[in-house]
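Chain by chain, the residues run as shown.
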Amino acid sequence: MISPRKASVRSRLLLLPLTVSVLALASCASTPPASTPSPADASADGHGAISGAQEVDEPPLHLATIAADGTVSQLDLLSEQTSDIGAIDPPTALATDGRYLFADTADGVTIVDSGMWTWDHVDHFHYYRASPALLGTVPGEGAATVATTNSSTTGGAGVYFAETGDAVLLDVAALSRGEIVESFRLRTDPHAGMVVPVGSFALVTDADGTVSVHASDGDVVPGTRTACPDPRGTITTRVGAVVGCDDGALLASMQDGAVRIERIPLPEGAARPLSFANREGRPTAAGLSSDGRILLLDTRERQWVELPAPAPLVAVTAVDDADAHVVGLTADGRVVVIDGTSGTQLAITEPLVAASLARGDRPALIADDRRTYLTGPAEHLLFEIDVADGARIARTFTTSDEPLFVAETGR
């Protein structure tokens, strides 16, 4: 069961995007049967509308969770009520685009439609909610890497199975109709690879340390093979898709109907980050280098900023707000707010997830412009932290089960 403990919380929850790693939520609330909106076609005006979905006035933010036994639940962050979606095979990893949950299971990647999403129209947003649904499984063997865009009704989602080298691009418009459709499935030499969607195309890594652009039918676009030694880590920002390389990053964006790839070299002497995190849709992403420094990749300016960490960190994410805040999780379980221009510590909490870190868990740290969310598996807690107010603990949710995986939906 989850119960909220509030500290200095306004009567109305601030609506903020987030993503965390899963708690088992429980409540007396019930949900309509897990049915898929039908038919589900994006509207012609490009506003992300789906037949059968309700457009609402504000982001329908939820925490969708998958427990260790595969039970899928969803917590409404405004009403603090939870609902059951169903059950899948026990997961080992989770990825999300803000609507769909991509759970790595023994048989492949199982997809859950949360039924909550935001359509980013650049100068304004549209918000939707529909019935959640268990969509099925993309078959595959071994650990899978999932890459998504910021759109929940168009484009693609990439899945790469490292054990077999299967590279799969999923049709997201089909997902919005409740169908799992593979635009292509390619067999590559097995490696720690990625399929990274860019518009209707996708970047596919190769074991030889290169990346190529593939059309939605799987064919390689001639002349697009680009060097990327040891590709690891990907994120989609407001500017384009990022693929981390040993010598920097590739930035892929759509220009005049084609994919343009730019290389952003690391600062001289800097050690690369192996993953990226940010507030969804922002141009700047953060990562930790192997020597513990903070690396910020500004995809709008096509440059890196290297910062000293104010304390040993195990996770970092870029809020990328007007004050250039960066949020980190320290090795002793504290959340620290950092000046993204100097690396100076601005605020820090007491140790919140020390027990989880001590036993080897990796609590999820997700930041927004006003709130940061942190999971504590061993503590059976989820923390909501107000970054702008001295890292104040705004709310705490207590969970009956360990928070295994959580994804924020509706963003």
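Conventions we followed
- Residues numbered from 1 in each chain as written.
- Predicted model: local features only at pLDDT ≥ 70, side-chain atom pairs only at ≥ 80, totals over all residues.
- Heavy atoms only, no water.
- Salt bridge = Lys/Arg side-chain N within 4 Å of Asp/Glu carboxyl O.
- Buried < 20%, exposed > 50% of the residue type's maximum accessible area, 1.4 Å probe, protein only.
- Helix = DSSP H or I, 4+ residues; strand = E, 2+ residues; numbered from the N terminus.
- Polar contact = N/O pair within 3.5 Å; in protein donor to acceptor, adjacent residues only side chain to side chain.
- Contact = heavy atoms within 4.5 Å.
- Pairing = 2+ DSSP bridges.
- Axes fitted to C-alpha atoms, helices over the stretch in contact; angles between N-to-C directions.
- Core = buried A, V, L, I, M, F, W, Y, C linked by side-chain atoms within 4.5 Å.
- Phe/Tyr/Trp six-rings, centres within 6.5 Å; stacked < 30°, edge-to-face > 60°.
- Lys NZ or Arg CZ within 6 Å of the ring centre and 35° of its normal.

Colleague: Mind showing me how you'd approach the pattern of salt bridges here?
Modeller: Close approach of charged atoms allows side chains with opposite charge to pair. This structure, assessed with the given rule, holds 23 salt bridges. Residue arginine 334 is joined to aspartate 332 by a salt bridge in which the shortest nitrogen-to-oxygen separation is 3.0 Å. Its relative accessible area of 23% is what places arginine 334 among the partly exposed residues. Each of the salt bridges in this network shares a partner with another, and the network as a whole consists of Glu80, Arg371, Glu384, Asp386, Asp389, Arg392 and Arg395.

Colleague: I tried to follow unusual backbone geometry on my own but got confused; where do I start?
Modeller: Most peptide bonds take the trans configuration, and most residues that are not glycine carry a negative phi. Even without a glycine there, the phi angle at glutamate 80 is positive, about 65 degrees. Residue position: glutamate 80 is located in the loop between β4 (71–76) and β5 (82–87). With a phi angle near 60 degrees, arginine 302 is a residue other than glycine that sits in the positive phi range. Here arginine 302 lies in the loop between β25 (294–298) and β26 (303–307).

Colleague: Explanation requested: the side chain of threonine 118 in the structure shown.
Modeller: With respect to the element layout, threonine 118 can be found in strand β9 (residues 116–120). Classification of threonine 118 by relative accessible area gives buried; the value is 11%. Within the structure, the side chain of threonine 118 is placed 2.6 Å from the backbone oxygen of glycine 410, a separation counted as a polar contact. Filtering out sequence-adjacent residues up to four positions away, threonine 118 remains in contact with Pro59, Phe125, His126, Tyr127, Gly410 and Arg411.

Colleague: It is not clear to me how the sheet that holds strand β11 (residues 133–139) should be interpreted in this structure. Could you clarify?
Modeller: In a beta sheet, neighbouring strands pair by backbone hydrogen bonds and run either parallel or antiparallel. Taking strand neighbours across the sheet as the criterion, the four strands line up as β6-β7-β8-β11 in an open arrangement whose pairing is antiparallel. Each end of this open sheet is capped by a strand with a single partner; those strands are β6 (93–96) and β11. Across the sheet, the axes of successive neighbouring strands diverge by a mean angle of 20 degrees, strand direction being ignored.

Colleague: So what exactly am I meant to see when it comes to the nonpolar core here?
Modeller: Generally speaking, soluble globular proteins have nonpolar side chains that are buried together. Val327, Val335, Leu352, Val353, Leu365, Leu374 and Phe383 are the most contacted members of the largest nonpolar core, which totals 18 residues. Mapped onto this core, the elements with two or more residues apiece are β28 (325–330), β29 (335–339), β31 (365–367) and β33 (381–386). Ranked by residue count, the leading element in this core is β33, at three residues.

Colleague: So what exactly am I meant to see when it comes to the pairing of β33 here?
Modeller: When a strand is regular, its side chains alternate between the sheet's two faces. Counting buried residues along β33, six of its six residues qualify, which places the element largely inside the surrounding structure. For strand β32 (residues 371–376) and β33, the ladder comprises six bridges, and the chain directions are antiparallel. Bridging from a neighbouring strand, threonine 375 pairs with leucine 382 of β33. Where β32 hands over to β33, the hairpin turn is made up of four residues, of which histidine 380 adopts a positive phi near 60 degrees. Note that β33 and strand β34 (residues 392–398) share six bridges and pair antiparallel. Bridge pairing in β34 links leucine 381 to threonine 398. Following β33, the chain reverses through five residues before pairing antiparallel with β34; glycine 390 in that reversal takes a positive phi of roughly 65 degrees.

Colleague: Honestly, the environment of valine 305 in this entry has me stumped. Any pointers?
Modeller: Residue placement: valine 305 occurs in strand β26. Non-local contacts of valine 305, meaning those with residues more than four positions away in its chain, are made with Ile294, Leu295 and Leu296.

Colleague: Just to check I follow, could you spell out the packing of aromatic side chains for this structure?
Modeller: Given two aromatic rings, their pairing is described by the distance between the two centres and the angle made by the two planes. Here the structure, examined in full by the defined rule, presents three aromatic pairs. Between phenylalanine 276 and tryptophan 304, the ring centres sit 6.3 Å apart and the planes meet at 35 degrees, which makes this aromatic pair tilted. One end of the pair, phenylalanine 276, is in the loop between β23 (258–265) and β24 (284–288); the other, tryptophan 304, is in strand β26, with 28 residues separating them in the sequence. According to the relative accessible area criterion, tryptophan 304 is buried, its value standing at 9%. For the cation-ring pair, arginine 99 lies above tryptophan 117, with the distance from its terminal atom to the ring centre recorded as 3.7 Å.

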